[in-house]
Amino acid sequence: MSETSPASATANIGVVGLAVMGSNLARNLASREGNTVAVYNRSPERTTQLVEAHPEAGFVPAATIEDFAASLQRPRTAIIMVQAGAGTDAVIDQLCEAFEPGDIIVDGGNALYTDTIRREAAVRERGLHFVGAGISGGEEGALNGPSIMPGGPAESYETLGPILESIAARAPEDGSPCVTHVGTDGAGHFVKMVHNGIEYADMQLIAEAYDLLRRLGGLEPAQIADVFAEWNKGDLESYLIEITAEVLRHIDAETEKPIVDLIVDEAGMKGTGTWTVQTALSLGVPVSGIAEAVFARGVSGRTSQRQAVRETITAKPEAAPVSASFVEDVRQALYASKVIAYAQGFDLILAGAEEYNWAINPGAVAKIWRAGCIIRARFLNRIAEAYDRAPELDSLIADPYFAAEVAKGVDAWRRIVATAALSGVPAPVFGASLAYYDSLASDRLPAALVQGQRDFFGAHTYGRVDRAGKFHTDWSGDRREQQVSS
Ligand SMILES: NC(=O)C1=CN([C@@H]2O[C@H](COP(=O)(O)OP(=O)(O)OC[C@H]3O[C@@H](n4cnc5c(N)ncnc54)[C@H](OP(=O)(O)O)[C@@H]3O)[C@@H](O)[C@H]2O)C=CC1
Ligand SMILES: O=C(CO)[C@H](O)[C@H](O)COP(=O)(O)O
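These numbers come from a predicted model, not from an experiment.

## A few points about the overall build of the chain
What the chain contains, in helices and strands, is 19 helices and nine strands. Taking 2.2 N^0.38 as the reference for a compact globule, 486 residues should give roughly 23 Å; the C-alpha atoms of the chain span a radius of gyration of 26 Å, in line with that estimate. When its C-alpha atoms are laid out on the principal axes, the chain stretches across 85 × 65 × 45 Å. In the chain, which comprises 486 residues, the share counted as buried stands at 49%. Residue pairs in contact within the chain that sit at least 24 positions apart in sequence constitute 66% of those at least 6 positions apart. Just so you have it, the chain exposes about 22500 Å², and 52% of that area is on carbon and sulfur atoms. A gap of 4 Å separates the mean positions of the 41 positive and 63 negative side-chain charges of the chain.

## Quick look at the packing of aromatic side chains
This model, assessed by the stated rule, comprises 16 aromatic pairs. Look at tyrosine 113 and tryptophan 358: their rings are 6.3 Å apart centre to centre, the planes differ by 80°, and that puts the pair in the edge-to-face class. Of this pair, tyrosine 113 sits in helix H5 (residues 113-125) while tryptophan 358 is found in the loop between helix H14 (326-356) and helix H15 (362-368), placing the two residues 245 residues apart along the sequence. Given a relative accessible area of 5%, tyrosine 113 falls into the buried group.

## Re the UniProt feature "binding site: substrate" (unreviewed entry) in the chain
When the UniProt feature table is mapped onto this chain numbering, "binding site: substrate" (unreviewed entry) sits at Asn110, Ser136, Gly137, Gly138, His195, Asn196, Tyr200, Lys270, Arg297, Arg454 and His460. With the annotated positions falling across 351 residues, the maximum pairwise C-alpha distance of 48.8 Å shows that they are not confined to a single cluster. Within the secondary structure, glycine 137 sits in the loop between strand S6 (129-136) and helix H6 (138-144). Excluding its chain neighbours within four sequence positions, the residues that come into contact with glycine 137 are Ala142, Gly372, Cys373 and Ile374. Mapped onto the fold, lysine 270 is located in the loop between helix H10 (239-249) and helix H11 (272-283). For lysine 270, a relative accessible area of 87% translates into the label exposed.

## Details of the state of the cysteines
This model, assessed by the stated rule, comprises zero disulfides. Counting only cysteine sulfurs, cysteine 373 is the nearest neighbor of cysteine 178, a cysteine outside any disulfide, at a range of 7.3 Å. Of the residues examined, cysteine 178 reaches a relative accessible area of 0% and is grouped as buried. On the basis of relative accessible area, cysteine 373 is assigned to the buried category, the value being 0%.

## Quick look at the pattern of salt bridges
Applying the stated criterion to the full structure yields 31 salt bridges. Residue lysine 408 is joined to glutamate 405 by a salt bridge in which the shortest nitrogen-to-oxygen separation is 2.8 Å. Taken together, the residues span about one helical turn, with lysine 408 and glutamate 405 both in helix H17 (residues 400-423) at a distance of three residues. On the basis of relative accessibility, which here comes to 61%, the residue lysine 408 falls in the exposed class. Between aspartate 438 and arginine 414 there is a salt bridge, and its shortest N-O distance comes to 2.7 Å. Here aspartate 438, found in helix H18 (residues 428-441), pairs with arginine 414, found in helix H17; they are 24 residues apart in sequence, far enough to count as distant. For aspartate 438, a relative accessible area of 25% corresponds to the partly exposed category. With a relative accessible area of 36%, arginine 414 lands in the partly exposed category.

## Here we look at the nonpolar core
Grouped together as the largest cluster of nonpolar side chains are 90 residues, with contacts concentrated most on Phe228, Tyr342, Trp369 and Ile383. The biggest single contributor to this core is H14, with 16 residues. For this core, the two domains that each supply at least three residues are domain 1 (13-181) and domain 2 (192-441). Those residues in contact with tryptophan 369, other than ones at most four positions away along the chain, are Ser147, Met149, Val191, His195, Ile198, Phe346, Ile349, Ile375, Arg376, Ala377 and Leu380.

How each quantity is defined
- Residues numbered from 1 in each chain as written.
- Chains lettered and ligands numbered in written order.
- Predicted model: local features only at pLDDT ≥ 70, side-chain atom pairs only at ≥ 80, totals over all residues.
- Heavy atoms only, no water.
- Helix = DSSP H or I, 4+ residues; strand = E, 2+ residues; numbered from the N terminus.
- Rg over C-alpha atoms; globule rule 2.2 N^0.38 Å.
- Buried < 20%, exposed > 50% of the residue type's maximum accessible area, 1.4 Å probe, protein only.
- Contact = heavy atoms within 4.5 Å.
- Areas by Shrake-Rupley, 256 points an atom, 1.4 Å probe, with all protein chains shown as cover.
- Lys, Arg positive; Asp, Glu negative; His and termini not counted.
- Charge placed at Lys NZ, Arg CZ, Asp CG, Glu CD.
- Phe/Tyr/Trp six-rings, centres within 6.5 Å; stacked < 30°, edge-to-face > 60°.
- UniProt positions renumbered as here; feature names shortened; annotations may be inferred.
- Disulfide = S-S within 2.5 Å.
- Salt bridge = Lys/Arg side-chain N within 4 Å of Asp/Glu carboxyl O.
- Core = buried A, V, L, I, M, F, W, Y, C linked by side-chain atoms within 4.5 Å.
- Domains from an automatic or database assignment.

Put into structure tokens, the structure is as follows:
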């Protein structure tokens, strides 16, 4: 490839990392008027393959990072799409060596936001701009229009914004590009991380709905595909519901069985869901639905434990009888639980914004998730409207529209969680979401008793409902109460 390496700066943007995401993003960029795209990959075979497969793209291939830098017009802009972690650090180091002050490095991978904060500061020290941008949409989104969540300095967005807007998905409602400057340094990757946490919850909820319809409703995969296709015409309309119907309908060519019955029931994960829950724990935000979805993947992978426990079971619970409205009950439980997952995700985004001083606009985030990304869904419009109405909203489920929606489905939701428990069908995210809702809705929580216990063994003190201050009871002595602070 070195013979074909560029001698002059002809490209206005470059992509480093030409695996699934990078190659498709590069093609997307090249398809937009006015763009000439430089491409570079550590292993040159990928570069050659891409350039040969897509002559129409007019790519400018580079064999070395130095050639890549030389092929870019100044100020240079490069989007990195490589493996998160050490791979990203290695490429940033190489680009920092080859680039000059004023150039922009964009990390479009799934980086941990704390890494992005660190990298942004280190790259800034060298006089370059660094933008951590979450990109969602998988292979098809990267090619035809992803949802893009850039962080980094606001001035970088002035250069980068128009390019990102040209390749982003367009919201079907108003045609606006699904990209916005989310906030400074790690804000973009933080929002992408939460997007993936919600993705985990949404996927697990749909999987629980399938399991209930199959094991208790007695429906076959193709019939459940029909149910999901029907649901996809209403409030639940979303990419994940749509693809679920397709997966359920798919028949294995060799065995002529539904593919879902042939896939090993152990869910993989690359880590973004775990990051979401770890971050939520460290910021004190209860994201129980998302956490249960991560744990559900974990449980599915504990094969020897699953086997060991299965062997101890002598009698399985009988399936509880289901009513004629069972399918509709599942739909309502799914919708209500989904609202909780998004409510928890937005709580986490707002907590991150407060902790890191990011001016994140939750309504704008909901808007850029309306198309292109994996969690795209019709009801994101409603979320955007809720935050536009009340940017300081305490919780999404305190918004009048969502409060009414959840209240409408709550009886069905309770029936589904109870029926699942009585029948021995695990529905961890349905259950955790309902418990979260009931906790927020309760007049009193048993947290009062927990405070009593904490004071008993650790003199941790408690507040009183009838007086200000902190109190301690002398539990091991005369049990008299004293006020320890005002
Ligand atoms: N796949 C998806 O659906 C999505 C992925 N992402 C994120 O986008 C990024 C790219 O994902 P994907 O396309 O799936 O590719 P992978 O995550 O599989 O990464 C492969 C790419 O990283 C390069 N790479 C790995 N280590 C290094 C290194 N030390 N130095 C230089 N290059 C290195 C590889 O180069 P080589 O060919 O030489 O091995 C290859 O180009 C990741 O951060 C991923 O998390 C985001 C959204 C969706
Ligand atoms: O970022 C994504 C979509 O938005 C990726 O598809 C993500 O890697 C999927 O995560 P996991 O492999 O953990 O299920």
